[in-house]
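Descriptive analysis of the structure
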Amino acid sequence: MSNFTLGDQMRKFKSVIVTGGAGFIGSNLIRYIFEKSGFEGNVINLDKLTYAGNPYNLSDIETAFGGKRYFFEKADICDMNAVKVIMEKHSVDAIIHLAAESHVDRSIHSPEEFIRTNVMGTFSLLECARNLWKDRTDVLFHHVSTDEVYGSLGDTGYFYEDTPYDPRSPYSSSKASSDHVVMSYFHTYHMPVTMSNCSNNYGPYHFPEKLIPLMISNMLEEKPLPVYGDGKNVRDWLYVEDHASGIWSVVTKGKIGEKYNIGGENEWENIKLVNVLCETVAEFSSKDKDYYKKLITYVKDRPGHDRRYAINCDKIKKELGWKQSVNFEEGLKKTVKWFLENKAWIENVKSGSYKDWVSKNYGNR
Ligand code: NAD
Ligand code: TDX
């Protein structure tokens, strides 16, 4: 059934593992696969449920497809035995790998877990896939990576797929290492792999430690809004569902052994973004337009803070026909609305009280 002919035909898989499926992008990707991709096979969400993983994020999918086409497997990607058992049990023919430690600030304070999960975990998955798939060509390992591997830009220029790697934080260096290991499996063992490197995502289920959800969450509690340094660092923002559709395009149509940049073509200085966010939250909370701006507080800069990221994503647009579908104004409104309607979710993930629900529903598997 698997079909690797490109052109008009798309690759089809029967049983896809999404690692890190209980996290921000993973949960949005799984929802996209079930609701928008037309995929007819099974999805296995393999997640360790760290502080960032939350099965609540997919309770709608669990209700609709759980035990039929959606399966949750609690496991650590570094545990080769567990991964092997899960891959065999579900006859997996594709892996979309998102599981990672993902927060730059945490990587500065505690880098070890980033090297373990992001580097060793990726290696462990690749080894399991190599041992089980052997020289099959009707399988795929898709690695989800970041624009941060390319380093930091000045006022001009863009990251292209062939921009040399220049990672500068423990997080980005761990992602860069894993990118190289993934590509080495293509060159050395001919494993069918693809990769995507995406810019900053935003949207529902974003953990409130990252800029946009942290600012919204702090506004709701009327707490200070910490802007690092001079606030003029620039990020390129993409709505998370557009990242999901980009990943799916590469998984189903991307050239084997190649990487694709995915970006919003939507650059914002942090301070300008925080101001717009203040206005958007004020609008939805029926407050004066400038009400939340008084909370903006400049704080000490992040060590090694990359100045500017900007993605050139012409390749995925031209070769695979992908494009962004949500403009920033619309995306920000959808995001703010979601957070205001889901205050209990913010409380739960911040307090960790959902862990009780996890152990009740998933035990210690
Ligand atoms: P996240 O922190 O929200 O989610 C990570 C998920 O991985 C969690 O569910 C967590 O439980 C799981 N996980 C962590 N360690 C694990 C382990 N050892 N075994 C199994 N599961 C484990 O992250 P995110 O923002 O959704 O990012 C997902 C992926 O996308 C990451 O690989 C990240 O590098 C990449 N990425 C993120 C962005 C962004 O803006 N957030 C942009 C580009 C690329
Ligand atoms: O409180 C804050 N104040 C602030 O000024 C936080 C949390 C961030 N910032 C700044 C730092 C960055 O310039 O905002 C910008 C965005 O910060 P984050 O949300 O932490 O994202 P970033 O460091 O850019 O990394 C994100 O995008 C690329 C994801 O967390 C990564 O996983 C992804 O690979």
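Predicted, not measured: the structure shown is a model, and the values here were computed from it.

**Thoughts on the site of ligand 2**
Around ligand 2, the structure places 21 residues, and the nearest of them are Glu148, Tyr171, Pro226, Arg302 and His305. Within the contact set of ligand 2, an oxygen atom lies 2.7 Å away from a side-chain nitrogen or oxygen of Glu148. Measuring from an oxygen atom of ligand 2, one finds a side-chain N or O atom of Arg235 at 2.8 Å. Coverage of ligand 2 by the protein chains reaches 93% of its 650 Å² of free accessible surface. Contributing elements (two or more residues each) for the shell around ligand 2: helix 4 (104-109), helix 7 (211-220) and strand 8 (225-228). Per-element tally for the shell around ligand 2: the top contributor is strand 8, with 3 residues.

**A look at the pairing of strand 8**
The alternating pattern of strand 8 places Leu225 and Val227 on a buried face and Pro226 and Tyr228 on a face that is not buried. Pairing analysis gives 4 bridges linking strand 8 to strand 12 (residues 296-299), with the strands arranged parallel. Directly across from Val227, in strand 12, lies its bridge partner Tyr298.

**A short note on the packing of aromatic side chains**
Enumeration according to the criterion identifies 19 aromatic pairs in this entry. When the centroid spacing of 6.2 Å and the interplanar angle of 80 degrees are considered together, the rings of Phe34 and Tyr70 count as edge-to-face. In this pair, Phe34 is assigned in helix 1 (residues 24-36) and Tyr70 in strand 3 (residues 70-74), connecting sequence segments 36 residues apart. Given the relative accessible area of 10%, Phe34 is considered buried. With a centroid separation of 6.2 Å and an interplanar angle of 45 degrees, the aromatic rings of Phe159 and Tyr309 are classed as tilted. Placement of the pair is Phe159 in the loop between strand 5 (140-146) and helix 6 (170-189) and Tyr309 in the loop between strand 12 and helix 10 (314-320), with a sequence separation of 150 residues. One aromatic cluster is present, built from ring pairs that chain together Tyr202, Trp237, Tyr239, Trp268 and Phe328. Directly above the ring of Tyr260 sits Lys315, whose terminal nitrogen or CZ lies 4.5 Å from the centroid.

About the thresholds
- Residues numbered from 1 in each chain as written.
- Chains lettered and ligands numbered in written order.
- Predicted model: local features only at pLDDT ≥ 70, side-chain atom pairs only at ≥ 80, totals over all residues.
- Heavy atoms only, no water.
- Near = heavy atom within 4 Å.
- Polar contact = N/O pair within 3.5 Å; in protein donor to acceptor, adjacent residues only side chain to side chain.
- Areas by Shrake-Rupley, 256 points an atom, 1.4 Å probe, with all protein chains shown as cover.
- Helix = DSSP H or I, 4+ residues; strand = E, 2+ residues; numbered from the N terminus.
- Buried < 20%, exposed > 50% of the residue type's maximum accessible area, 1.4 Å probe, protein only.
- Pairing = 2+ DSSP bridges.
- Phe/Tyr/Trp six-rings, centres within 6.5 Å; stacked < 30°, edge-to-face > 60°.
- Lys NZ or Arg CZ within 6 Å of the ring centre and 35° of its normal.

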